[in-house]
Amino acid sequence: MAGSATSRWGLRVLGLGYILLLLLIPLGFVFYKTFEHGIAPPFEAITSPDGMHALKLTLITVAIAVPLNTVFGIACAILLVRHKWRGNFLVDAAINLPFAISPVVIGLSLFLLYGTTGWFEPALAEAGVKILFSVPGMVLACIFVSLPFVVRETVPVLQEIGTEQEQAASTLGANSWQAFWRVTLPAIRWGVAYGVVLTTARVLGEFGAVSVVSGSISGQTQTLPLFVEKQYENFNLPGAFGASILLALLALATLLAMNLLKRKEAA
Amino acid sequence: MEAGTLTTHRSAPRAGVRLPGVGAGLGRGMVVLYLSLIVLLPLAALSSQAFSDGLGHFWQQVTQPQAIRSLKLTLIASLIVVLINAFFGTILAWLLVRDEFPGKAAINAVVDLPFALPTIVASLILLQLWGDKSPFGVHIAGTPVAVVVALTFVTFPFIVRAVQPLLMEMDREMEEAAASLGASGFTVFRRIIFPNLLPGLGAGIALAYARALGEFGSVLLFAGGLANTTVSSVFIKQQIESGNDTGAAAVSVVLLLCSLLCLAVVGLIQRWALRHDRSASGVDTTIMPFAGGGGST
């Protein structure tokens, strides 16, 4: 309680003024700037062949990276919480790595591993598989950057629900799959869902890592964020803003989903 | 928890649901394999490349003037940024927990915007807002100030979300007692609130710092790759594009070590907080700031 009415108002002006300047004005500005000359220019940019391809590729990366990291996240959380093991602290630390590493460094790591001088190059060349500058490399980058979210959201929920209900289920004859589907998963679903939302948002917006491994070839290896950069570099601002507004709307949808899930979790 | 208990764990259902479908051993193997393939193997390739021409060459790459300059800019700008956000973030967390004002729920939700908005979009917006065509007549694009503004934007939520749960859990009796004994509002903050917020604030600052060190997309268009605005991640990208893989990898390793140090600090703070039982659950969530403090609405 910072006391008097004056200091309260002072704090309000400082705190809310800051968020207005830093977040709200930029958010409003992107909408203004996009639709400055009507809805047609941004719409045309997104529906151009390159724009549609970028959208499709973005959705493909989401469709692969999110389910993989969700399954991994739930399994890993169960192992960390329910199975004591001496190596757990190492697994726990390794999971946090993607949070701490620069996306460019992540991209470079994949670049070096799968590139022409990389360790896998002979095997890959022989098999005729192309990872770098194509979709598999971009998907790998997205999986890397978004790996921790589901684990980190599921672990605290698992700790909180305890094991009583699961024990009751197994006492009543449920096998481990039945106990998982009917007891554990329903209990942790909002935490998992929250993690899935964060994973999706991260994959949708990933730029740095993908930009290193993709080569950003228009109509081939461009996701929406890469499309934004390319359009800007080509002095096509309506195009850049058209894709930006799509990503900004997805970001707002993410915030909405996060808020709803937090309420579900609290209830 | 000795090694012998592992076998009983695997078979006995007493500790709740096991990993279904596969045994703990196999499940653990799969998790470790996935982690290794996705995360550890690429990082091993990175480290091996950084030292591929020997320690001397590594050192030469890291200490070349441009690399040093980018590292300095990154470390200093990130420090300024976390201090700015520590100040305003604490105020905002306080407003969201202790104050009532119209639109509070919406403001609380908007705090996470920088986590959800793609960084390249943020960079484009900031460039249009504070660049040559600025509607406010403020031209800072392409200057070191732009680096600070971009990093401030992306790291904004960390400290709010780290401090918020601690404020919510804080016992208000102490504050009331201090106030009734005649302490001023500022004294109450300095002597009672602030010390209780320290673990969260420290963890939030360390996480924000780690994020700022590696930030790439948001600075790219707005601050650019000029001599005095090239942060380390942009420098690394430039080195990759000019074919100097070893130089890029060398600077990456340095950047990586700085970030790991930040994570280690977060871990230490969490342990310390757990030991002192100081709102342990609140601090625990700060490694994942998204998880913290949404419940104030």
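The rules we used
Residues numbered from 1 in each chain as written. Chains lettered and ligands numbered in written order. Predicted model: local features only at pLDDT ≥ 70, side-chain atom pairs only at ≥ 80, totals over all residues. Helix = DSSP H or I, 4+ residues; strand = E, 2+ residues; numbered from the N terminus. Contact = placed C-beta atoms within 7 Å. Domains from an automatic or database assignment. Nonpolar A, V, L, I, M, F, W, Y, C, P; charged D, E, K, R; others polar. Expected span 1.5 Å × (residues − 1). Bend = angle between axes of the 7 residues up to and from the residue. Buried ≥ 20, exposed ≤ 12 C-beta atoms within 10 Å, placed from the backbone. Axes fitted to C-alpha atoms, helices over the stretch in contact; angles between N-to-C directions. Parallel < 35°, antiparallel > 145°, perpendicular 65-115°, else oblique. Left-handed = near helix turned anticlockwise from the far one by under 90°. Core = buried A, V, L, I, M, F, W, Y, C linked by C-beta atoms within 7 Å.

With that out of the way, let us pick up the overall build of chain A. Assigned secondary structure in chain A consists of 13 helices and zero strands. Listing each helix as α and each strand as β along chain A from the N terminus yields α-α-α-α-α-α-α-α-α-α-α-α-α. C-alpha extents for chain A along the principal axes are approximately 75 × 65 × 30 Å. Of all intrachain contacts in chain A linking residues separated by at least 6 positions in sequence, the fraction that spans at least 24 positions is 77%.

Further remarks concern the domain arrangement of chain B. Residues and elements named next belong to chain B. When cut into domains, chain B gives domain 1 (18-50) and domain 2 (56-291). Computed over C-alpha atoms only, the centres of domain 1 and domain 2 are separated by 30 Å. Between domain 1 and domain 2, the contact holds four residues from the first and seven residues from the second. Looking at the side of domain 1 that touches domain 2 residue by residue, the classes come out as two nonpolar, two polar and no charged.

Our focus in this paragraph is helix 2 (residues 24-50) of chain B. If you check helix 2 of chain B, its first and last C-alpha atoms are 37 Å apart, about what 27 residues at 1.5 Å a residue would give, namely 39 Å. Residue S36 of chain B marks the point of greatest curvature in helix 2 of chain B, where the axis turns by about 45°. When we look at burial in helix 2 of chain B, the residues that qualify are R28, V31, I38, V39, P42, L43, A45, L46, Q49 and A50 of chain B. Residues of helix 2 of chain B that are buried make contact with helix 3 (49-82), helix 4 (88-100), helix 5 (103-114) and helix 7 (135-145) of chain A together with helix 3 (54-62) and helix 13 (245-275) of chain B.

In this section: the interface of chain A and chain B. Opposite the 86 residues of chain A that make contact, chain B presents 86 residues. Here the side of chain A that touches chain B gets 16 residues from one element, more than from any other, and that element is helix 1 (residues 5-34) of chain A. Across the side of chain A that touches chain B, the residue classes tally to 57 nonpolar, 19 polar and ten charged.

Residue and element names in this part refer to chain A. What the domain assignment reports for chain A is domain 1 (1-34) and domain 2 (39-266). Computed over C-alpha atoms, the centres of domain 1 and domain 2 are 32 Å apart. Each partner contributes residues to the interface: domain 1 has four residues there, and domain 2 has six residues. Tallied by class, the residues present in the side of domain 1 that touches domain 2 amount to two nonpolar, one polar and one charged.

Residue and element names in this part refer to chain A. Relative orientation of the contacting elements helix 3 and helix 7 amounts to 50°, with a least axis distance of 9 Å. By the criterion of interaxial angle, the relationship of helix 3 to helix 7 is oblique. The element helix 3 and its partner helix 7 pack so that their crossing is right-handed. Contacts between helix 3 and helix 7 involve L57, I60, T61, I64, A65, L68 and N69 from the former and V135, M138, V139, C142 and I143 from the latter. Considering only residue class, the contact of helix 3 with helix 7 consists of ten nonpolar, two polar and no charged.

Turning to helix 8 (residues 148-161) of chain A, a few remarks are in order. Note: α-helices contain 3.6 residues per turn, so residues at a spacing of three or four share the same orientation. Residues and elements named next belong to chain A. End to end, helix 8 covers 21 Å across 14 residues, agreeing with the expected 20 Å (1.5 Å per residue, within 8%). Helix 8 sits mainly inside the fold: ten of its 14 residues count as buried. Every buried residue of helix 8 is accounted for by P148, F149, V150, V151, R152, E153, T154, V155, V157 and L158. Taken together, the buried residues of helix 8 touch helix 3, helix 4 and helix 10 (176-205). G162, located one to two residues past helix 8, shows a positive phi value of around 70°.

It is worth spelling out the nonpolar core at this point. Counting 174 residues, the largest nonpolar core has L108, A141 and F144 of chain A together with L126, V147, A150 and V219 of chain B as the members making the most contacts within it. With sequence-adjacent residues up to four places away left out, A150 of chain B is seen in contact with S123, L126, S218, V219, F222 and A223 of chain B.

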